[in-house]
Every structure is written in C-alpha cells, then in structure tokens.
There are 2 protein chains.
Amino acid sequence: MYELTINLRQRDKTPLYEQIYEYIRDEIREGRIASGEKLPSTRALSRHLDVSRSTVELAYEQLLSEGYIESQPYRGYFVSQIDGLYQIRPARAEDGARSGREPEKYPYDFTPNGVDLKSFPYNTWRKLSKECLMDDRAELFRLGCPQGEPELRRAISSYLHQARGVNCTPEQIIVGAGNDYLMMLLCAVLGSRHRVALENPTYRQAYRLFANLSCDVCTVDMDEKGMRVDELEKSGADIAFVMPSHQYPLGTVMPIRRRTELLRWADRKDGRYIIEDDYDSEFRYKGKPIPALQGYDGNGKVIYIGTFSKSIAPAIRMSYLVLPPSLCEIYRKRWEFISSTVSKVDQLILQKFIEEGYYERHLNKMRALYRSRHDVLLSELKDMGGDFAISGENAGVHLLLRFQDGRSEEELIRLAVAKGVKVYGLSGYDVDGTQNTEDAVILLGYANLDENRIREAVRLLKEAWYG
Amino acid sequence: MYELTINLRQRDKTPLYEQIYEYIRDEIREGRIASGEKLPSTRALSRHLDVSRSTVELAYEQLLSEGYIESQPYRGYFVSQIDGLYQIRPARAEDGARSGREPEKYPYDFTPNGVDLKSFPYNTWRKLSKECLMDDRAELFRLGCPQGEPELRRAISSYLHQARGVNCTPEQIIVGAGNDYLMMLLCAVLGSRHRVALENPTYRQAYRLFANLSCDVCTVDMDEKGMRVDELEKSGADIAFVMPSHQYPLGTVMPIRRRTELLRWADRKDGRYIIEDDYDSEFRYKGKPIPALQGYDGNGKVIYIGTFSKSIAPAIRMSYLVLPPSLCEIYRKRWEFISSTVSKVDQLILQKFIEEGYYERHLNKMRALYRSRHDVLLSELKDMGGDFAISGENAGVHLLLRFQDGRSEEELIRLAVAKGVKVYGLSGYDVDGTQNTEDAVILLGYANLDENRIREAVRLLKEAWYG
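Residues numbered from 1 in each chain as written. Chains lettered and ligands numbered in written order. Predicted model: local features only at pLDDT ≥ 70, side-chain atom pairs only at ≥ 80, totals over all residues. Heavy atoms only, no water.

Counting through the fold element by element, Arg284 of chain B comes out in the loop between β10 (273-277) and β11 (302-307). Although Arg284 of chain B is buried, it forms no salt bridge, and the closest oppositely charged side chain is Glu66 of chain A at an N-O distance of 6.8 Å. When near neighbours in sequence (up to four residues on either side) are disregarded, Arg284 of chain B contacts Ser65 of chain A together with Val253, Pro289, Ile290, Arg367, Arg371, Asn394 and Ala395 of chain B. (Helix = DSSP H or I, 4+ residues; strand = E, 2+ residues; numbered from the N terminus. Buried < 20%, exposed > 50% of the residue type's maximum accessible area, 1.4 Å probe, protein only. Lys, Arg positive; Asp, Glu negative; His and termini not counted. Salt bridge = Lys/Arg side-chain N within 4 Å of Asp/Glu carboxyl O. Contact = heavy atoms within 4.5 Å.)

The omega angle of the peptide bond from Tyr248 of chain A to Pro249 of chain A is 5°, so this bond is cis rather than trans. Cis geometry marks the peptide bond from Asn200 of chain B to Pro201 of chain B, where omega comes out at 0°. Mapped onto the secondary structure, Pro201 of chain B falls in the loop between β5 (195-199) and α7 (204-212). Backbone geometry at Asp50 of chain B places phi at a positive 60°, although glycine is not the residue there. With respect to the element layout, Asp50 of chain B can be found in the loop between α2 (42-49) and α3 (53-65).

The next subject is the pairing of strand β17 (residues 440-445) of chain B. Within a regular strand, side chains alternate between the sheet's two faces. Residue and element names in this part refer to chain B. Along β17, 6 of the 6 residues are buried, which leaves the element largely enclosed by surrounding structure. Of the two faces of β17, the one holding Ala440, Ile442 and Leu444 and the one holding Val441, Leu443 and Gly445 are both buried throughout. Of the pairings in the sheet, the one linking strand β14 (residues 398-403) to β17 comprises 6 bridges and is antiparallel in character. Across the sheet, the residue bridging to Leu399 is Leu444, located in β17. Judged from the 2 bridges that link them, strand β16 (residues 424-425) and β17 form a sheet pairing that is antiparallel. Pairing of Gly425 across the sheet is with Ile442, part of β17. (Pairing = 2+ DSSP bridges.)

Turning our eyes to something else, we now look at the packing of helix α5 (residues 150-164) of chain B against helix α11 (residues 344-355) of chain B. Between two packed helices, the angle of one axis relative to the other and the distance separating the axes together describe the packing. Residue and element names in this part refer to chain B. The interhelical angle for the contact between α5 and α11, taken along N-to-C directions, is 35°, at an axis separation of 9 Å. Here the hand of the crossing between α5 and α11 comes out left-handed. Two secondary-structure elements touch here, α5 through Glu151, Leu152, Ala155, Ile156 and Tyr159 and α11 through Gln347, Leu350, Gln351, Ile354 and Glu355. Its residues assigned to classes, the contact of α5 with α11 comprises 6 nonpolar, 2 polar and 2 charged. (Axes fitted to C-alpha atoms, helices over the stretch in contact; angles between N-to-C directions. Left-handed = near helix turned anticlockwise from the far one by under 90°. Nonpolar A, V, L, I, M, F, W, Y, C, P; charged D, E, K, R; others polar.)

This next bit is on the packing of aromatic side chains. Between two aromatic rings, the relevant description is the distance of the centres plus the angle of the planes. Taken as a whole, this structure holds 41 aromatic pairs over all chains when the rule is applied. Where Tyr159 of chain A meets Tyr359 of chain A, the ring centres are 5.1 Å apart and the plane angle is 65°; that geometry is what we call edge-to-face. Here Tyr159 of chain A, found in helix α5 (residues 150-164), pairs with Tyr359 of chain A, found in helix α12 (residues 358-384); they are 200 residues apart in sequence, far enough to count as distant. In terms of burial, Tyr159 of chain A and Tyr359 of chain A fall into one category: buried. Ring-pair connections join several aromatic residues into one group, and the members of that group are Phe120, Tyr122, Trp125, Tyr159, Tyr304, Phe308, Tyr320, Phe353, Tyr358 and Tyr359 of chain A together with Phe141 of chain B. Just above the ring of Tyr273 of chain A sits the side chain of Lys301 of chain A; from NZ or CZ to the centre is 5.4 Å. The positively charged end of Arg407 of chain A is found above the aromatic ring belonging to Tyr466 of chain A, 5.4 Å away from the centroid. (Phe/Tyr/Trp six-rings, centres within 6.5 Å; stacked < 30°, edge-to-face > 60°. Lys NZ or Arg CZ within 6 Å of the ring centre and 35° of its normal.)

All names here are of chain B. Strand order in the open sheet formed by 4 strands is β13-β14-β17-β16, and the pairing between neighbours is antiparallel. Sheet topology places β13 (388-391) and β16 at the edges, where each strand pairs with a single neighbour. Taken together, the 4 bridges between β13 and β14 define a ladder with antiparallel strand orientation. The residue of β14 that forms the bridge with Ser391 is Leu400. Set on the sheet, helix α13 (residues 409-418) makes contact with β14, β16 and β17; between it and β17 the angle comes to about 40°.

On the chain A side, the residues contacting the 102 residues of chain B number 104 residues. Across the chain B to chain A interface the summed buried area is about 9,400 Å²; carbon plus sulfur atoms make up 57%. Summed over the shared surface of chain B and chain A, the number is 0 salt bridges. Summed over the shared surface of chain B and chain A, the number is 24 residue pairs in polar contact (both at pLDDT 80 or more). For the side of chain B that touches chain A, the elements supplying multiple residues, two or more each, are α1 (16-29), α3, α4 (122-133), α6 (179-190), α7, α9 (256-267), α10 (325-335) and α11 of chain B. Element by element, the count of residues in the side of chain B that touches chain A is highest for α9 of chain B, at 6 residues. A breakdown of the residues in the side of chain B that touches chain A according to their chemical character gives 46 nonpolar, 23 polar and 33 charged. (Buried area = accessible area lost by both parts, 1.4 Å probe. Polar contact = N/O pair within 3.5 Å; in protein donor to acceptor, adjacent residues only side chain to side chain.)

A word on the sheet that holds strand β17 (residues 440-445) of chain A. All names here are of chain A. Strand order across the open sheet formed by 4 strands is β13-β14-β17-β16, with antiparallel pairing between neighbours. Edge positions in the sheet fall to β13 (388-391) and β16 (424-425), since each has one partner strand and no second. Against the sheet, helix α13 (residues 409-418) makes contact with β14 (398-403), β16 and β17, and its axis sits at roughly 40° relative to β17, the strand it touches most. Lying on the sheet, helix α14 (residues 451-466) is in contact with β13, β14 and β17; it crosses β14 at an angle near 15°.

Applying the stated criterion to the full structure yields 52 salt bridges over all chains. For Glu231 of chain A, the salt bridge goes to Arg228 of chain A, with nearest N and O atoms at 3.8 Å. Since its relative accessible area comes to 23%, Glu231 of chain A is described here as partly exposed. As a salt-bridge pair, Glu131 of chain B and Lys352 of chain B come within 3.4 Å of each other at their nearest N and O atoms.

Our focus in this paragraph is the relation of the copies chain B and chain A. Each of the two chain copies goes to the other by way of a rotation about an axis and a shift along it. Here chain B sits on chain A after a turn of 180° about the axis and a move of 0.0 Å along it, with an RMSD of 0.1 Å. Such a combination of rotation and displacement between the chain copies is what one expects of a two-fold axis. In this assembly the copies share their binding face: 100% of the residues contributing to the interface of chain B also contribute to that of chain A. (Least-squares fit on C-alpha atoms with pLDDT ≥ 70 in both.)

Rendered as structure tokens:
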C-alpha cells in the first residue's frame, strides 16, 4: 500500500480535503502512484494525517467522481488504470493576434455607414429600461417566444404597415440579434442548393455571408433602374437580393416597373424568392418614403429584412425578418426550436419605444438632422465647383461624386487623406471585380459629421482636389 | 391628355400633395390612365385643382421617384409603361397558426429544464443596468467587437479558469446570444462534411440543430462512464458532442480515464474535435465541481461551450464558445465579419456582474437553494419506498428514477398527471429511437419547486404510483 505523506497547510484557505484530493490527484497524474495500487483506508489516512475521517472521505469521493480512483466493496480504494494520462498543458491562443487592431482615426471621416449617436435618445432609453425592470417579474427572465415576443412583433408589423407599406401579420415576423444572424437563419430556412444573385456594387457583408454559407453566389448587372431582370433570368439564380428603396451604395430607387418585372420573375418558378433589404428607408429628403417592394407582392415571393441599427443604434442588436407564408411554414416545422437571440428586457424596451411614439419622434428628429447635414454638404459641394456629378442624394446618409477628370479613385482618396479627410471609393463595393472602374466614384457619408465639420471638411477636400 | 378631377379634402390630415399623388397612383395602378398618356403640366393641374404649383410638383416628384411617371425634357410628364402592374394584395400568413399555442400548465411541474427565477438578482441587475446607462456614452451604442467586448471576455476567461479549470485566453472566447446561435456559428466555422456523434439519450436541441444544419449525425452508445470511445471510433464521426461533467439527461460524470481516451481519439486524426457542452456544471452537491475536459486538452482538440442561461436566467441570452487555436484562426479569417449578437449594454451589465463578485455570490446562493431542494426531494423519495433506483443525483437540477416493476413510462407519467404532477420520461431524450426501453425511467427536475411544494408533489406521486 502506498504511504501518503501530505504536508497539510492548516491555515491555508484551501480546505484540508481539497489539499488531500489535490495531492493524491497529482501523484496519480504524474505516475508516482501506479494504477491498481491500493490507497490507505479513510480511517488509516485520517489517523496518519491527523484530520477527521470525513475530511479524507470527502477527498476520496472527489477522486472517485473524477475517476482517479475506484472503490471495490469490502476491499477499499484502488488507483484507476489511466494509461498515458494527459499532462495538463494550457491551451493558449496566440495572444493579441488581432485583439488590439484599432481602426485608423481621421480628423474628418465621411464613412457611409455612420449613425449619429450623439442624438441617441439616452434619457428615454434609460427611462424605459428602468420601467421594464421595475418589478421583480420572473416572466421577463424566462425563455421567450423563439420568434420574438408577440407584443413587439405586433408593434413592428403595425409600424411596417404604416411607414413602409409592408403587409404582414405579427406571425410572419422573426425578431433577431442583427441582420447577420437573421441572414444565417434565413439561409437555414431556405436550405442549401440555391443560387443567390446580388447587384454589383452591393452590400459587401451580404455577399460575403451568402458566399461563406456555401450558397452559390453571383452578381447581376444594374442599370439606372436597379438589377436587370433579363440578366437575372440568364444568371440561373433563384434568389435575388435587392435594396429597392435605396440601393447601397449607389442610392438607386427601383421604379415601379422594374419592381413589377422582378416580382414576375419570382412568380415564374416555384422556389424563387426576392430578399428585400430595407436598411435605411427611413431617411428620405424628397417627398414621401418610397414604399417597400413587399407591399406589391401578392404571391408570397418577397422576404423583407429591416433593422433598428441605422434608425436607433448599431449596438442594440435588433433586426427583423418578414417571411412569406410558405417560408413561415418551413420555419415553424424545422427551425422554430432555435431560441430567440434577443433578451426579453431589450424586446420590451423597444416595444415601448415604438408603441409610446418615441420611435416616430426619434425618426423625425434624425430625419431633420440628417437633412440639414445633407443640405449643407450638397450646397458646399456645389460651391466647390469641381468636375464631378453628384448622385444618390435623395435618401440615406451618403451621396456619390462621379469624377471624370482622369484621376483615379485611389489618387483622390490619397489626396483627401493627406488633408485629414477620409473618403471612400466605390470600388470598395465591387464584390467580384466585375465593375467598370474607368470613372472614379467617391462616397461621402454625412451621418457622423455636424454641419460645421462638414463645411470644414469640404474646404479641405477642395484644397486636396483642386489645390 | 387625361383630365384629372380630384376631390381634394382640404381639412384632411393627409397633405394635399399626398392626396394628389395617391389619386394619380391609383388611377395608373388600376389602368384608368394608360401608359404613355401625358399628364397635365404642373401649372395646368394646379390651376385646375386650385392648389399651389409646388403642391402638384411634390406629387409629381413622388410619382417620378417611384417610377409611375416619367419626365421628358420640354415635353412634360408621361405615364410609364407598367404592364400587368401587380394588384396590391395583402400577403397574409394564416393567423394564429400556432401563435396562441401555450404549454399546458400543471399544479406541480418537475421540468428538468427549470431555473428558479424568484431568486434572480433583480435589485443588482437593476442597479448595474442603471449604472451602465448612467452617462450619455455614445460608445455603448456603437457597433462592438464581433467576438464580444474584450473586458467581458476577460472576465469570462478568468471565471472559467478559476471555476472550471478551463485554460484559454480572452481571444479564444466568442460571446453570443445563446447556445443555439453559437452552435450555428460553430457549424459554420467547422464547415460542412462532418459526421457528428452524440450520446443517446442526449440534449435533443443539439441533435436537432446538427441534423437540420445538414451535418451527418449519429449516436454512439454510452456505458456508465459516458460515450464509448471504441464505438465512437467505429462510427466514423470526426466530431464528438459530449457533456463530461454532467451528462444530460443521465447525469453521468465522465471519469478521467474515459476523458483521456476521448482526447486520444481526437488526437489520432487531424480535423477531429470534441465539443464539450458544460451547461450546468455550476451545480454540484458532493465535493468540488468536476473540472472541465477542456483543461486536460493539450492539443487544441476541445471546443468548450457554456451558458449563463442556467446560472443566471434563460432570457438574458448570453452564452460563450471557447475555440481551440486552429479554429480561432478559421473564425478570424472567414467569420469575424459577422457582427456580435449581444447588445453592448447587456455585455457591460454581465461584465460588472462577474467582476464585482455578484456572480459568485449568486451561484453560491443558487447552489445552496438547489441543494436543499435536492436534499428534500431525495429524502422524500427514499421515504416513498417505491421500487425504483435513483441516479444522477450528485449534480445539476434533476435526478432519475429507474423503475423495474413492469409498468411503462407512459403509464407512470399518466398516473402522475392525473394527480396534477407533471413528470418526464427518459424516452423523450432518445433522439434516434435506438434506446432500450425496457426500464421505465422518470426524470424529476426540482429547480422550479420550493421545498414545501416538493413534499406535496412527492406525496401526490406516492398516491399516483402506489395508491
């Protein structure tokens, strides 16, 4: 029998039983006690170590639970047979491989993906958040409906009907933690063996998502009305991903005729669908908002996806999918078991935010704010008198400058950056390298810059480009 | 030229330009104005309707933006050619197809998936939530790190190291909105063409997820030590999904030797991985917690997944994945572009909850609470004196009763339900119908019932089963 001499630290904060357990465990691990060897009885060891018998029993029980020793009735405890027991070696990833990567900062940044967060309704959000957590409501922390809470879905469906002309019931809506997740879920619902057509240039994130989720992805040429339906038909795709109300990044609005053609394309074959990404339709500076394509769809061919990232804040992580009835059915049968990805508290805050009229007020405020930035940027650009054409300026939070003076995008960007102004080239949205790059096209997003900073930045751009 | 006689409602809250726009749009949609037809000039129409010219201009601009009309320089406005324009037909899903489905309620429910929410730390959560939202911090609403905020990942990695013996850096952790989402992400990272082996019986949600995500799924027999590694080898699987610290639903603890064999199996071939679902290891009533398998893994073969659903609350939607370095690399290259699924506010609350010691205190409180329920249930069951063996009782929040009196699971459940007590059968976890069903095994979860209710429920069970 193995003689255990354990140096117990009486004043240590590790309990005695744990010290005994750890000692024996390490002896076994390091092969100093061979397998099959008998351990002292709990009575013998407790006398030997001068501790209570229950302390030794606890240590042995732990060793038993973890499988280091085995108990044989009437015979005692024996070391288990553990051949080549693995050494504990910490598994370490290369630290900081990328963790510290920070995006470069520029004095003026015309990012087309900006959201003005100075205007985030902090007080309201705090107030609603406090209200939601007021009582000890266990209900709020129980697992909720996989599609999102019915009350929130009701609020979204009624908002969508009024503001976007979307026709749907709350049962068709799935609330999820951001567009990326919802697109993953959608790909799962649609199943594999699809060919997805996107416009080019397009939203790079969507292209990459489809491609990585092993869909067969292709791009289809656009004209000034949006995706060309004849080309779409030729492409062999059965899913078309479009942004009819405000194409990103070109800002194109798809006219009613093209919409009709697109819907007809989808109707011609079973299993064809149109994904309508309505990412920033809230912001339009001329007339009424353009209604969503979904509202024209009589045959359940349009999958609508919208988000609160642009209209409230990117970090709240709430988006929604509106599925046509045929896909709702597949979702219910095969995917409803997937739990919701948004916490109930957050869903309740958002529901109150919409129902109590805060969302509409916030949108009005943001629309006014962005409009005045938009107006200042447009008038400053016109005063600049450069040799470029402006487009995509009726909606969203960015516009495009098309240069035809022979200078490349790269050069124009480099000149601007040298003055501390970050601008973006359209070629960054050319997802498969098929775009004509003769013209240099620069994107200017204005959501993140106030009017004075826009004036200063355009002055710097003038210096940069026209010296 | 088409004569437009529009009955304008001067006192209506719909602006005049919108009334004009809607009227003309509907005329075009319904084919009452043919394509190619010329509209009156803005001047003529404004005189005809007795409204300002800019009102008509606004209406025309909206029709132009949406593509209902076209403008020809010096000639005027013409109705676009829109063949077979779709009727707007609301796309309605069958209402209430399932929306109203409520789980049945029983006076006593021994669900094995319970979490006691009466003990949720409401005050602390409120306090932390208020603290996090205190200042107008735009940073908190900007898009965060796709993996989860570095500070939260640091807190989780240090907790995992201390409490679970998991060795990892914060760079290996991905925070996500629940296990289901993280498993979807993991399947994406692993890529297709895998054969996944699960124990049987097992966690149904995991089985279904793998199967639906078009993995090739199989089950591997268990013995009293857990998944049989010889069977695993024969199965041809390259991914093994296990719960070594507390198998669900059987409650088996995988001993060190089986763990070693499993790690060796993974080491024998490139591309083999073990997924360790450590779902409720926080609750153990005998000795110390069983350390995680991940801590024994020296070769980067274990993918660890943990959740705060069981230990805090299901609806907070926060889980985490610990990837070995090889998979971290694939994640960074191909999947890091997917935005985080958890809001930054929620991440900050959880981070403070862990760092400020609340999590540990909460776990201690819950452990004590569940332990006393566990003790009461065990002693009541022993007093019942029925002909069953109790197992899986050292950890988690449920135990199993194995009957050998010839009665079926179905019968035992029916008898209990007749007395108002809902109990669960093991066969519900038999994911592919390969289990021996000779013994009737009943699961009793006690997280949701306080001690008095447990006493009452066991009394009713005794009446139900032994009259």
